[in-house]
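So the chains spell out like this:
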Amino acid sequence: GAVVSQHPSWVICKSGTSVKIECRSLDFQATTMFWYRQFPKQSLMLMATSNEGSKATYEQGVEKDKFLINHASLTLSTLTVTSAHPEDSSFYICSAMDPRATYEQYFGPGTRLTVT
Amino acid sequence: EDQVTQSPEALRLQEGESSSLNCSYTVSGLRGLFWYRQDPGKGPEFLFTLYSAGEEKEKERLKATLTKKESFLHITAPKPEDSATYLCAVQAQEYGNKLVFGAGTILRVKS
């Protein structure tokens, strides 16, 4: 099956700083990737759709200036949380669409962000 | 109105006790229905994709079926290692490439 990686798996940062999370498709090229946020005991909440070579599409209520997404290559998308605050602490998960399989999305292992 | 509803919210089974999880959906123009397994602190793991009513797929102790209104994930003779949250998601024409997730079913299998 398709493999998606994320780095780092967990990160602690101080309030006011920025942190970057990487999402890579390891064995396929992904023109479309997605970024999700998950709160404890809740399902996944889609934050934005990342398309290679174009601007990301953000879901309603997600601040695009706070959550910067860059999809610079067919195997890498990054999410940068700018000026992080404790309320940004969460589990962030990316997924990538495998063009070899109709509509299927494969998820990364997630990144636990804690803002102190 | 929820487009994807999963039931039950939680399910406790004894090892070997077969059961089914339900995922009902109300989207139009279904492109695919997906089942994922998620362990605590990890990303969802892909299990199955179903594309049309009547389709069935199997993997080890799991079997997924699809009708025009719902999908079932049947678990036969579960083992403790099957304990996880099972997520159902749909992709539909009205949402483009996005997945719409249900709230999930938390499964606990006791030995």
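Structural notes, computed from the coordinates. (Residues numbered from 1 in each chain as written. Chains lettered and ligands numbered in written order. Predicted model: local features only at pLDDT ≥ 70, side-chain atom pairs only at ≥ 80, totals over all residues. Heavy atoms only, no water.)

## What to know about the pattern of salt bridges
Any two side chains of opposite charge can pair, so long as their charged atoms come close to each other.
Move 1: Under the counting rule described, the total for this entry stands at eight salt bridges over all chains.
Move 2: Among the salt bridges present, the one from Arg24(A) reaches Glu22(A), with a minimum N-O distance of 3.5 Å.
Move 3: Classification of Glu22(A) as partly exposed rests on a relative accessible area of 24%.
Move 4: For Lys63(B), the salt bridge is made with Glu56(B), and the minimal N-O distance between the two is 3.3 Å. (Salt bridge = Lys/Arg side-chain N within 4 Å of Asp/Glu carboxyl O. Buried < 20%, exposed > 50% of the residue type's maximum accessible area, 1.4 Å probe, protein only.)

## Re the environment of Leu99(B)
Move 1: Structurally, the position occupied by Leu99(B) is in the loop between strand E9 (84-92) and strand E10 (100-101).
Move 2: A residue is classified by how much of its surface remains accessible, and Leu99(B), at 6% relative accessible area, is buried.
Move 3: Between the alpha carbons of Leu99(B) and Leu21(B) there is a distance of 19 Å; along the sequence they are 78 residues apart.
Move 4: If we ignore the near neighbours within four places in the chain, the residues touching Leu99(B) are Tyr36(A), Gln105(A), Phe107(A), Phe34(B), Tyr36(B), Ala89(B), Val90(B) and Gln91(B). (Helix = DSSP H or I, 4+ residues; strand = E, 2+ residues; numbered from the N terminus. Contact = heavy atoms within 4.5 Å.)

## What about the layout of surface pockets?
Move 1: In this structure, the largest pocket occupies an estimated 470 Å³ of space.
Move 2: Taken together, 21 residues make up the lining of the largest pocket; nearest its centre are Gln38(A), Lys41(A), Gln42(A), Gln38(B) and Thr85(B).
Move 3: Counting residues per element, the ones that place at least two in the lining of the largest pocket are E9 and strand E11 (105-110) of chain B.
Move 4: A per-class count over the lining of the largest pocket returns eight nonpolar, eight polar and five charged.
Move 5: Contributing to the lining of the second largest pocket are Tyr36(A), Ser43(A), Leu44(A), Met45(A), Leu46(A), Glu59(A), Gln3(B), Tyr95(B), Lys98(B), Leu99(B), Val100(B) and Phe101(B).
Move 6: If you tally residues by element for the lining of the second largest pocket, the top one is strand E5 (residues 44-51) of chain A, at three residues.
Move 7: Grouping the constituent residues of the lining of the second largest pocket by class yields eight nonpolar, two polar and two charged. (1 Å grid on protein atoms, 1.4 Å probe; cavity = no way out; pocket = protein on both sides within 12 Å on 5 of 7 lines; lining within 4 Å. Points joined across faces, edges and corners; volume = space filled by probe spheres on them. Nonpolar A, V, L, I, M, F, W, Y, C, P; charged D, E, K, R; others polar.)

## Details of a positive patch on the surface
Move 1: Taken together, the side chains of Lys41(A), Arg12(B), Arg108(B) and Lys110(B) define a basic patch exposed on the protein surface.
Move 2: By the element assignment, Lys110(B) lies in strand E11. (Patch = residues over 30% accessible without salt bridge, like charges linked within 9 Å, V, L, I, M, F, W, Y side chains within 5 Å. Areas by Shrake-Rupley, 256 points an atom, 1.4 Å probe, with all protein chains shown as cover. Lys, Arg positive; Asp, Glu negative; His and termini not counted. Charge placed at Lys NZ, Arg CZ, Asp CG, Glu CD.)

## Notes on the interface of chain A and chain B
Move 1: Contact with chain A, which involves 20 residues of that partner, is made by 19 residues of chain B.
Move 2: Counting each side, the surface lost to burial between chain A and chain B is near 1500 Å², with a carbon and sulfur contribution of 58%.
Move 3: The tally of links from chain A across to chain B stands at one salt bridge.
Move 4: The shortest N-O distance in the salt bridge between Glu59(A) and Lys98(B) comes to 2.8 Å.
Move 5: Linking chain A with chain B are seven residue pairs in polar contact (both at pLDDT 80 or more).
Move 6: No other element matches strand E4 (residues 32-38) of chain A, which puts four residues into the side of chain A that touches chain B.
Move 7: Among the residues forming the side of chain A that touches chain B, the class breakdown is eleven nonpolar, seven polar and two charged. (Buried area = accessible area lost by both parts, 1.4 Å probe. Polar contact = N/O pair within 3.5 Å; in protein donor to acceptor, adjacent residues only side chain to side chain.)

## Concerning the side chain of Asp98(A)
Residues and elements named next belong to chain A.
Move 1: Turning to its location among the elements, Asp-98 is positioned in the loop between strand E9 (90-97) and strand E10 (105-107).
Move 2: A polar contact is formed between the side chain of Asp-98 and the side chain of Arg-100, at a distance of 2.9 Å.
Move 3: For Asp-98, the residues in contact, after removing those within four places along its chain, are Ala-2, Phe-28, Glu-104 and Tyr-106.

## Notes on the sheet that holds strand E6 (residues 56-59) of chain B
All names here are of chain B.
Move 1: If you walk across this open sheet you meet the five strands as E1-E3-E8-E7-E6, and the pairing is antiparallel. Looking along the sheet, the strands with just one partner apiece sit at the ends: strand E1 (4-7) and E6. Mean inter-strand twist for the sheet, computed between neighbouring axes without regard to direction, equals 15 degrees.
Move 2: Taken together, the six bridges between strand E3 (residues 19-25) and strand E8 (residues 70-75) define a ladder with antiparallel strand orientation. Across the sheet, residue Ser-19 finds its bridge partner in E8, namely Ile-75. (Pairing = 2+ DSSP bridges. Axes fitted to C-alpha atoms, helices over the stretch in contact; angles between N-to-C directions.)

Just distances and angles here, no functional claims.
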